[in-house]
Amino acid sequence: MSRQGILSAIVVVGLAVAGVAAQPPQRPRIPPTGAIKHVRDNLYVIPGAGGNTTVFVAQGGVVLVDTKLPNNGEPILKQVRTVTDKPVTMIINTHSHPDHIGSNAEFPATVDIIAQDNTKANMEKMDAFKGDKAQFLPKRTFKDKMTLLSGADQIDLYYFGPGHTSGDALIVFPALRVMHAGDLFAWKALPIMDRNNGGSGIAYPETLQKAAGAIKNVDSVIPGHSPVMPWSTFVEYGQFMQWAVDTVKQAARDGKTEADAAAAIKTPPDRFKDYTTERAAANVTAIYGEVKK
Ligand SMILES: [Zn+2]
């Protein structure tokens, strides 16, 4: 390459880098804890600083779903205080990732903490919950289904199998017809398949479709990281994931390389064209790892 050619190449690379920095794609840097948003009746969501935090103002106190990254206990409480003076009495963790459980320990140790069995097991392995901090592990767990509180305050917790992790809980507020989906449905995008925490690409679509079939009377879904969406989008997400995982399994059967398999799911068919696929390569690695087992 001539000197001029090298210089041009450097300029092009420089522009590409600047372009990425100026226009972050689908996953911008994590914003701070945002302002609380009203979802319906006594249900709110606080975005930012990790996963969405759902705020359910029940008769006996405030129920939080997920507590964001560490150091967000005060910011969460500040937002809660704008809608109620009731104390936080219960935390439900959708799964074990630090951006969903990070501020558990910043609430009083008397707060009831609830999660799926496998999520508690995943949390027990984390340094953040060793020693004194073990008191901020889930105090109650469930396997497939659990009902908390009653009447208008009823909350139903469901588990349908591995996907994002081995312990993804779906949290339904039946009186409000709203579900908090956690990261089993975080974005309209290919997901993280965290095999180190028991997640599974192969099982992912089946888990979503079991949920879509079994859960009734929900019309709004709070995804793990994006704004509220209609139930129909959650159902469609199961179909999107079925397409993606089937495509990768077929590529594996055809003896295609991981790069070719990733290319095959990089551009979804028209009906899923607004889904982002930047995790294609990581998803293929996860699924190929499972196929070869
Ligand atoms: Zn997660």
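Refer to the structure printed above.
In this text, all values refer to a predicted model and were calculated from it rather than measured experimentally.

Asker: Any chance you could explain the overall build of the protein here in plain terms?
Answerer: Within the protein one finds eight helices and 13 strands. Relative to its full complement of 293 residues, the protein shows a buried share of 49%. Long-range contacts, defined as pairs at least 24 residues apart, comprise 62% of the intrachain contacts of the protein with a sequence gap of at least 6. Total accessible area on the protein is roughly 13500 Å²; 56% of this is exposed by carbon and sulfur atoms.

Asker: Where do I start with the pairing of strand β8 (residues 145-148) in this structure?
Answerer: Each regular strand displays side chains that alternate between the two surfaces of the sheet. Of the two faces of β8, only one is covered, namely that formed by M146 and L148; the face formed by K145 and T147 stays uncovered. Alignment of β8 against strand β9 (residues 155-158), held across four bridges, turns out to be antiparallel. In the sheet register, T147 faces β9, and the bridge partner there is D156. Adjacent in sequence and paired antiparallel, β8 and β9 are bridged by six residues, among which L149 carries a positive phi angle near 55 degrees.

Asker: Sorry if this is basic, but what is going on with helix α4 (residues 117-124) here?
Answerer: Note that an α-helix has 3.6 residues per turn; residues three or four places apart therefore point the same way. Among the residues of α4, those classed as buried are T119, N122 and M123. One side of α4 holds all its buried residues, which, seen down the axis, span an arc of 100 degrees. Structurally, α4 contributes buried residues whose contacts are with α3 (98-101) and β6 (112-116). Two or three places before N118, at the opening of α4, Q116 has a side-chain oxygen 2.6 Å from that residue's backbone nitrogen.

Asker: Please explain the coordination of the zinc ion as it appears in this structure.
Answerer: Around a metal, the perfect tetrahedron of four donors has angles of 109.5 degrees, and the perfect octahedron of six donors has angles of 90 or 180 degrees. For the zinc ion, the full set of protein donor atoms is H95 (NE2), H97 (ND1), H164 (NE2) and D183 (OD), at a range of 2.2 to 2.3 Å. Bound by four donor atoms, the zinc ion shows angles of 84 to 171 degrees at the metal and therefore irregular coordination geometry. Read in sequence order, the donor residues coordinating the zinc ion give the pattern H-x1-H-x66-H-x18-D. Here H95 is found in the loop between β5 (88-92) and α3, whereas its partner D183 is found in the loop between β11 (178-182) and α5 (204-214), with 88 residues between them in sequence.

Asker: Would you explain the pairing of β9 in this entry?
Answerer: Both faces of β9 are covered, namely the face carrying I155 and L157 and the face carrying D156 and Y158. One ladder, built from three bridges, connects β9 with strand β10 (residues 170-173); its direction is antiparallel. Pairing of L157 across the sheet is with I171, part of β10.

Asker: Honestly, the pattern of salt bridges in this entry has me stumped. Any pointers?
Answerer: Close approach of charged atoms allows side chains with opposite charge to pair. One pass over the full model with this rule turns up eight salt bridges. Among the ionic pairs, R40 bridges to D219, the shortest N-O distance being 2.9 Å. In this pair, R40 sits in strand β1 (residues 37-40) while D219 sits in the loop between α5 and β12 (220-223), placing the two residues 179 residues apart along the sequence. What makes R40 partly exposed here is its relative accessible area of 28%. In the salt-bridge network here, residues are joined through shared partners; they are R40, R177 and D219.

The rules behind these values
- Residue numbers restart at each chain and count upward from 1, following the sequence in its written direction.
- Thresholds applied to this predicted model are a pLDDT of at least 70 for local features of residues and 80 or more for the giving and counting of side-chain atom pairs; totals over whole chains, interfaces and linings are not thresholded and use all residues.
- Excluding hydrogens and water, the side-chain figures rest on all heavy atoms present in the structure.
- Helix and strand labels come from DSSP, where a helix needs a run of H or I of at least four residues and a strand needs a run of E of at least two; each type is numbered from the N terminus.
- When accessible area is computed with a 1.4 Å probe and restricted to protein chains, residues below 20% of their type maximum are described as buried, those above 50% as exposed, and intermediate ones as partly exposed.
- Between two residues, a contact is recorded if the distance between any of their heavy atoms is within 4.5 Å.
- For every accessible area listed, the method is Shrake-Rupley and the probe measures 1.4 Å; residues are considered covered only by the protein chains on display.
- Strands were regarded as paired on the criterion that DSSP finds at least two bridges between them.
- Comment: arc refers to directions from the helix axis out to C-beta atoms.
- Under this definition, polar contacts are N or O atom pairs within 3.5 Å; protein pairs additionally need one hydrogen-donor-capable and one acceptor-capable atom, and for neighbouring residues in sequence, both atoms have to be side-chain atoms.
- Only nitrogen, oxygen and sulfur atoms within 2.8 Å of the metal, or 3.2 Å for Na, K and Ca, are treated as donors, and water is left out, so sites may look incomplete.
- Under this scheme a four-donor centre is tetrahedral when all angles range from 85 to 135 degrees, a four-donor centre is square planar and a six-donor centre octahedral when opposite donors are above 155 degrees with the rest from 65 to 115, and any other centre is irregular.
- Should a side-chain nitrogen of Lys or Arg be within 4 Å of a carboxyl oxygen of Asp or Glu, the pair is scored as a salt bridge.

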